[in-house]
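Results of the structural survey
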Amino acid sequence: FYKMQYEDRLRRLCRYVPGGLPRTILDVGAGYGDFLRFMHRCGWSTQGLEPARHAYLQIKDRKALGISHGGVEDLPKMRFKRASIVTINNVLEHVRDPRLVLEMIRSRFLTRKGVLCVIVPNDFSVLQDILMKSVLKDNVGKHHYWVTPLEHLNYWSYGMMGRFLIKCGYRILGSSGDFPMEIFP
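The notes below deal with the structure included here. (Residues numbered from 1 in each chain as written. Predicted model: local features only at pLDDT ≥ 70, side-chain atom pairs only at ≥ 80, totals over all residues. Heavy atoms only, no water.)

**Some details on the pattern of salt bridges**
- Summed over all chains, the structure comprises six salt bridges.
- Between Asp 61 and Arg 37 there is a salt bridge, with the nearest N and O atoms lying 2.8 Å from each other. Here Asp 61 is found in the loop between helix H3 (53-58) and helix H4 (62-65), whereas its partner Arg 37 is found in helix H2 (residues 34-41), with 24 residues between them in sequence.
- The exposure class of Asp 61 is partly exposed, given its relative accessible area of 25%.
- For Arg 37, a relative accessible area of 17% puts it in the buried group.
- If you follow the salt bridges from partner to partner, you end up with Asp 8, Arg 11 and Arg 12 in one network. (Salt bridge = Lys/Arg side-chain N within 4 Å of Asp/Glu carboxyl O. Helix = DSSP H or I, 4+ residues; strand = E, 2+ residues; numbered from the N terminus. Buried < 20%, exposed > 50% of the residue type's maximum accessible area, 1.4 Å probe, protein only.)

And the structure:
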């Protein structure tokens, strides 16, 4: 499943990366390194940041993949090189100041004409609304089951994310969804 997902993501990203840019990627929120490992096997120069110590320690090839341990608050002191693609995967919903994070990525880590790929949960979606009005209508305790106030400080919909990225100086090249959690209430 993940290999297909990563192949699809790479195919979409390559549509937007101008020819002539180096094949370099920085993954903020690298998890267990699976996406960077895939990109490395595809010939990309990889680097990443993972805040969860347990995940970071599980990455046996972290040195080869260029993965460092730290949170987004550590980005200013990291010595990452600029990358043609920066992915920020399931991170923005957890940070206090997502604008600061995106501005720092643009100014310090993304090459000119590089591509930012933001992956966040698609909250308050049409599918969630339908689910609450049908399957969960009699179970009020499950309404807004995806809201986790101690972990998620920010919630995004397609429209909210698009407007936010534009305010942060980015241009929207495309958007897509990848996994509807709503089918597993």
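**Regarding the packing of helix H1 (residues 2-16) against H2**
- The interhelical angle for the contact between H1 and H2, taken along N-to-C directions, is 65°, at an axis separation of 10 Å. For the crossing formed where H1 meets H2, the hand is right-handed. Of the residues in H2, those touching H1 at Lys 3, Tyr 6, Glu 7, Arg 9 and Leu 10 are Asp 34, Phe 35, Phe 38 and Met 39.
- Grouping the constituent residues of the contact of H1 with H2 by class yields five nonpolar, no polar and four charged. (Axes fitted to C-alpha atoms, helices over the stretch in contact; angles between N-to-C directions. Left-handed = near helix turned anticlockwise from the far one by under 90°. Contact = heavy atoms within 4.5 Å. Nonpolar A, V, L, I, M, F, W, Y, C, P; charged D, E, K, R; others polar.)

**Things to note about the sheet that holds strand E1 (residues 24-28)**
- Spatial ordering of the open sheet is given by E3-E2-E1-E4-E5, a layout of five strands whose pairing is parallel. Of all the strands in the sheet, the pair left with one neighbour each is strand E3 (67-69) and strand E5 (110-119). Within this sheet the neighbouring strands show an average axis-to-axis angle of 15°, counted without direction.
- Taken together, the five bridges between E1 and strand E2 (residues 45-50) define a ladder with parallel strand orientation. By the bridge assignment, Leu 26 is partnered in E2 with Gln 47. (Pairing = 2+ DSSP bridges.)

**Comments concerning the state of the cysteines**
- For the structure shown, the criterion picks out zero disulfides.
- Looking at the unpaired Cys 14, the closest cysteine sulfur is the one in Cys 42, lying at 8.7 Å.
- Exposure remark for Cys 14: the relative accessible area of 35% places this residue in the partly exposed category. (Disulfide = S-S within 2.5 Å.)

**Remarks on helix H5 (residues 98-109)**
- For H5, spanning 12 residues, the distance from its first C-alpha to its last is 15 Å, which sits close to the expected 16 Å at 1.5 Å a residue.
- Turning to H5, its buried residues are Pro 98, Val 101, Leu 102, Met 104, Ile 105 and Phe 109. The buried residues of H5 all sit within an arc of 160° when viewed along its axis, so they share a single face.
- Among the structural elements, E1, strand E4 (83-89), E5 and helix H7 (158-167) are those in contact with the buried residues of H5. (Expected span 1.5 Å × (residues − 1). Arc of directions from axis to C-beta.)

**Some points on H1**
- The end-to-end C-alpha distance of H1, which contains 15 residues, comes to 21 Å, matching closely the 21 Å that a straight helix rising 1.5 Å per residue would cover.
- Summarising the contacts, the buried residues of H1 are in contact with H2, E4 and E5.

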